[in-house]
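Residue-level listing of the chains:
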Amino acid sequence: MATNNQINNNSSNNNNNNNNNNSLFDKDSSLSFGNDNFIYNSNQKLTIQQQRISLPIYQNRKHILYLLEKYSTLVIIGNTGCGKSTQIPQYLFESGWSDGFRTILCTQPRRVAAISLAERVAQEMGEQHVGKTVGYSVRFDEKISDIETRIKYVTDGMLIREMMLDPLLLKYSVIMIDEAHERSLQTDLLMGLLKKVQKKRNSTNNNNNNDNSLKLIISSATLNANDFFNFFNYNQTNDKSKDTSTILSIEGRTYPVDIHYLEESTSNYIQTTIQTIIDIHTTQPPGDILVFLTGQEEIEKLIQTLDDKFEILRQYHQQHHHQQQQPFMKYSLLPMYSGLSINKQIKVFESVGDSKKIRKIIISTNIAETSITIDGVVYVVDCGFVKIKSYDSESGLESLVIVPTSKSSANQRAGRAGRSRAGKCYRLYTELTYEKLLPDQTIPEIQRSNLTNTILQLKALGIDNILNFDFISQPPSSSLIRGLEVLYGLGALDDNGKLTNPTGMIMAEFPTDPTFSKMIIQSSSNGFNCSDECITITAMLNIQGLFTNQNHKSRKHLLVKEGDHLTLLNIFNSFISNQSSPQWCNQHQINYKAMQRVLQVRKQLLAYAKKYSINVISCFDSNNNREQCSNLIRKAIVSGFFTNAAQLQPDGSYQTIREKHKLWLHPTSVLCLSNSPQWVIFNEVTITTKEYMKDVTSIEPNWLFEIAPHYYKFKK
């Protein structure tokens, strides 16, 4: 198996087109990477069976089944696209692991992957629709049959919720944790829980001589699998024959990728990215370009700027070049990020015509590192940064912060180039930066996240000793303690650290963050009587990519002066009053598909409210005037988000009330269009040039003391 630091001695044969290298870059080094991914199917002309046999993992079918019989846990290393996610569940099904009404489960960190994989496997198994033998379950959506489904794809979070009803997961014979290398918060939590379940079921199996053991498969696209091996190896002796886990590496097809570094560090990676793309497009042979940036805003701005610059170049080319010379190559600029509508995401996989005459330029977040591969990519541009979640337990603020990427991620990015032939990766940093400054791995999400929801889930599963829970990577104790404090403040925990009844138990069951579930619970009582509005606001805030343009000009008449929450409510109500019209959405630069998802999420939340006897009522039904309704809704928001309160400062910034942390209004907030209010509540913080509050609403200071007297004292 080719590794990410294997030198490819034949790379010099692929350097014929290097004469026009951008002067920004020094001499290239050449590495060999695996380049197979499952999302794009380049073998559509083959039969289903031929496609399955052509996958690299097929050669390891017997090894996988043998090792799973011998060991409790099998750690599989294979490049994205070798067939792990689609083929292993089918191999298990074909070998009888689902006999006796048992089910094979595969978890995914992303809902889109869970759905698309289920649909693909159902197709490979000859079924017209997903929901029979093959099903899926993701937040706010599922297609399964309790009687027929034998292969099930779920998000990590949904399996954790399922454990609240079936703690030992007795219906499952094999559980496969896919994309484990991403080390998401839910994946790490799930591995800790499954370790407890596996030990319990295997010990029960040994005592009763019944085959009720649980087999685990941990699937990773990177080589750092020893953490998984050690975590699930219960052998405490030096006798290797007693190991309970093992590692299997899947070899894939490899192609050389030439790595280019900057000769000098850049002070503006966005501008350098633009220049690099232009240079590749104007000097390099045909082949699609995949560009890594940090987020939606960067991607949208870069596409606009790049489109303008290309148009200028095209006109210049027409004016100054003779007709018989090669014309300016056409291009297609395509964004790729998680908040993008499914229809637009799919476009990056579709052909745009003759690849010799038109070049796809895909601008993506790190979603394209390992989760997907786009066929035809020959050039990768790596900005060297990534946007990750960060948590400060002292301030209690969770934020999105842009940080340098890790070596592991850089190698994954480079590996996306040259799926079918040799490729090139342009790293927008120096080789010294790569060698000396980039960390080997990205810090696991569980060590840099707000753990409030994680603790609530563990409490709901009956795990009270949170500090001693067996995490694969131990989170900071300060984050755990802060999470316990917040849950106590929200009324989810009592003085003994137990879940309160009914508030804490309902919050644990709701498929939202605790702040949202507390807001919904409180909004139906305490004189607020606005649960209908709060459910709508929750649905709107739980869907990404609501707007096709962040500029509010086209939505000016929909804005509400009190802030972003009421503006979102007003947009939803206007959407409904306009018969959920796609034309209306287009007119106001609102993502129609995202609004359709809002409707689905809202429907699910209403079902949860009904399940837990939460009275759904609108404040507008009680003859309240507009101002009264505004106050009631904002008070209900405070009941869930009182920890996120801030006060305006003389310099125009804001300061959190308790921790005195300095923040700024995000430029996209409605409140930036008028005089800044003295007191606000916010949902989240994002860090770019400053620490910005997002989803912000104005409040009255006395509401904090009225609603959360245990948290604030009001000075008269």
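Residues numbered from 1 in each chain as written. Predicted model: local features only at pLDDT ≥ 70, side-chain atom pairs only at ≥ 80, totals over all residues. Heavy atoms only, no water.

(A) Looking closely at the overall build of the protein chain. Of the regular secondary structure elements, the protein chain holds 23 helices and 22 strands. With the C-alpha coordinates of the protein chain rotated into their principal frame, the extents come out at 80 × 75 × 50 Å. Residues classed as buried in the protein chain amount to 56% of the 716 residues present. Of the charged side chains in the protein chain, 74 are positive and 68 negative, and the gap between their average positions amounts to 2 Å. (Helix = DSSP H or I, 4+ residues; strand = E, 2+ residues; numbered from the N terminus. Buried < 20%, exposed > 50% of the residue type's maximum accessible area, 1.4 Å probe, protein only. Lys, Arg positive; Asp, Glu negative; His and termini not counted. Charge placed at Lys NZ, Arg CZ, Asp CG, Glu CD.)

(B) Focus on the domain arrangement of the protein chain. For the protein chain, the assigned domains are domain 1 (48-249), domain 2 (257-446), domain 3 (450-509) and domain 4 (510-708). Between domain 1 and domain 3, the C-alpha centre-to-centre distance is 27 Å. Listed per partner, the contact involves 17 residues of domain 1 and 15 residues of domain 3. Between domain 1 and domain 3, a total of about 1,400 Å² is buried, with carbon and sulfur atoms accounting for 66% of that surface. Summed over the three residues of domain 1 that lose the most area to domain 3, namely Arg161, Met164 and Leu189, the buried surface amounts to 36% of that side. At the boundary of domain 1 with domain 3, the tally comes to 1 salt bridge. Here Asp470 and Lys195 are joined by a salt bridge, their closest N and O atoms 2.9 Å apart. The interface formed by domain 1 and domain 3 includes 4 residue pairs in polar contact (both at pLDDT 80 or more). Residues that form the side of domain 1 that touches domain 3 fall into these classes: 9 nonpolar, 2 polar and 6 charged. (Domains from an automatic or database assignment. Contact = heavy atoms within 4.5 Å. Buried area = accessible area lost by both parts, 1.4 Å probe. Salt bridge = Lys/Arg side-chain N within 4 Å of Asp/Glu carboxyl O. Polar contact = N/O pair within 3.5 Å; in protein donor to acceptor, adjacent residues only side chain to side chain. Nonpolar A, V, L, I, M, F, W, Y, C, P; charged D, E, K, R; others polar.)

(C) Structural detail: the environment of Gln59. Within the secondary structure, Gln59 sits in the loop between α1 (48-54) and α2 (61-70). Expressed as a C-alpha distance, the spacing of Gln59 and Val174, which sit 115 residues apart in the sequence, is 21 Å.

(D) Highlighting the environment of Trp703. Within the secondary structure, Trp703 is located in helix α23 (residues 701-707). Judged by relative accessible area, Trp703 falls into the buried class, the value being 4%. Taking the C-alpha atoms as reference points, Trp703 and Ala636, 67 residues apart in sequence, are found 9.9 Å from one another. Non-local contacts of Trp703, meaning those with residues more than four positions away in its chain, are made with Asn631, Arg634, Lys635, Val638 and Ala708.

(E) Summary view of the pattern of salt bridges. Per the counting criterion, the structure on display carries 20 salt bridges. Its salt-bridge partner being Glu369, residue Arg413 comes within 2.9 Å of it at the nearest N-O pair. Separated by 44 residues along the polypeptide, Arg413 in helix α12 (residues 407-414) and Glu369 in helix α11 (residues 367-370) bring together distant segments of the chain. Glu369 carries the same exposure label as Arg413, and that label is buried. The partner of Arg626 in a salt bridge is Glu562, with the nearest N and O atoms 2.8 Å apart. Pair noted here: Arg626 is in helix α22 (residues 626-641) and Glu562 is in the loop between α18 (531-541) and α19 (564-577), with a separation of 64 residues, a long-range link. Using a relative accessible area of 45% as the deciding quantity, one classes Arg626 as partly exposed. Residue classification places Glu562 among the buried residues on the basis of a relative accessible area of 8%.

(F) A look at the packing of aromatic side chains. This structure, assessed with the given rule, holds 14 aromatic pairs. On the numbers, 5.1 Å between centres and 85 degrees between planes, the contact of Phe231 with Phe232 is edge-to-face. Summarising the burial analysis for this pair, Phe231 and Phe232 share the class buried. Consider the rings of Tyr711 and Tyr712, whose centres lie 5.0 Å apart with planes at 75 degrees: the pair is edge-to-face. Assessed through its relative accessible area of 7%, Tyr712 is described here as buried. Following the ring pairs from residue to residue traces out a cluster consisting of Tyr261, Tyr429 and Tyr434. The aromatic ring of Tyr234 is capped on one face by Lys199, whose charged end is 5.1 Å from the ring centroid. (Phe/Tyr/Trp six-rings, centres within 6.5 Å; stacked < 30°, edge-to-face > 60°. Lys NZ or Arg CZ within 6 Å of the ring centre and 35° of its normal.)

(G) Representation of helix α17 (residues 514-523) within the structure. Counting buried residues in α17 gives 10 out of 10 residues, a clear majority hidden from the surface. Turning to α17, its buried residues number three or more, namely Pro514, Thr515, Phe516, Ser517, Lys518, Met519, Ile520, Ile521, Gln522 and Ser523. Its buried side turned inward, α17 meets α14 (452-460), α15 (477-489), α16 (503-509), α18, α22 and β21 (679-687).

(H) Structural view of the sheet that holds strand β4 (residues 134-138). Taking strand neighbours across the sheet as the criterion, the 8 strands line up as β5-β4-β6-β3-β7-β8-β2-β9 in an open arrangement whose pairing is mixed. Either end of the sheet is taken by a strand with one partner, and the two such strands are β5 (141-143) and β9 (245-249). Looking at each pair of strands side by side, their axes are set apart by 20 degrees on average, direction ignored. The pairing of strand β2 (residues 73-77) with β9 spans 5 bridges and is classified as parallel. (Pairing = 2+ DSSP bridges. Axes fitted to C-alpha atoms, helices over the stretch in contact; angles between N-to-C directions.)

(I) Here's a closer look at the nonpolar core. Residues Ile175, Leu546, Met595 and Leu704 are the most contacted members of the largest nonpolar core, which totals 103 residues. When residues no more than four places from it in sequence are discounted, the contact partners of Met595 are Met540, Leu546, Phe572, Phe575, Cys585 and Ile590. Grouped together as the second largest cluster of nonpolar side chains are 33 residues, Leu55, Leu68, Ile76 and Ile250 included. (Core = buried A, V, L, I, M, F, W, Y, C linked by side-chain atoms within 4.5 Å.)

(J) Representation of the side chain of Thr567 within the structure. When you line up the elements, Thr567 lands in helix α19. Reaching out from Thr567, the side chain makes a polar contact with the backbone oxygen of Gly563 at a distance of 2.8 Å. The residues touching Thr567, leaving out its near neighbours within four places in the chain, are Leu558, Leu559, Val560 and Val670.

(K) Region of interest: the packing of α2 against helix α3 (residues 84-94). At a minimum axis separation of 11 Å, α2 and α3 run at an interaxial angle of 65 degrees. Comparing the axis directions of α2 and α3 gives the class roughly perpendicular. Relative to α3, the crossing made by α2 is right-handed. Residue-level contacts link Arg61, Ile64, Leu65 and Leu68 of α2 to Ile88, Tyr91, Leu92 and Glu94 of α3. Per-class residue counts for the contact of α2 with α3 are 6 nonpolar, no polar and 2 charged. (Parallel < 35°, antiparallel > 145°, perpendicular 65-115°, else oblique. Left-handed = near helix turned anticlockwise from the far one by under 90°.)

(L) Up close: the environment of Gly497. For Gly497, the location among the structural elements is in the loop between α15 and α16. Note: C-alpha distance between Gly497 and Lys459 (38 residues apart in sequence) is 8.8 Å. With sequence-adjacent residues up to four places away left out, Gly497 is seen in contact with Lys459 and Asp464.

(M) How the structure looks around the pairing of strand β18 (residues 645-648). By the bridge criterion, 3 bridges tie β18 to β21 in an arrangement that is antiparallel. Considered in β21, the bridge of Ala646 is made with Val680. Where β18 lies against strand β19 (residues 654-656), 3 bridges are found, and the strand directions are antiparallel. Residue Leu648 lies in a different strand from β19, and its bridge partner there is Tyr654. Hairpin connection between β18 and β19: a loop of 5 residues separates the two successive antiparallel strands, and Gly652 in this loop has a positive phi of roughly 95 degrees.

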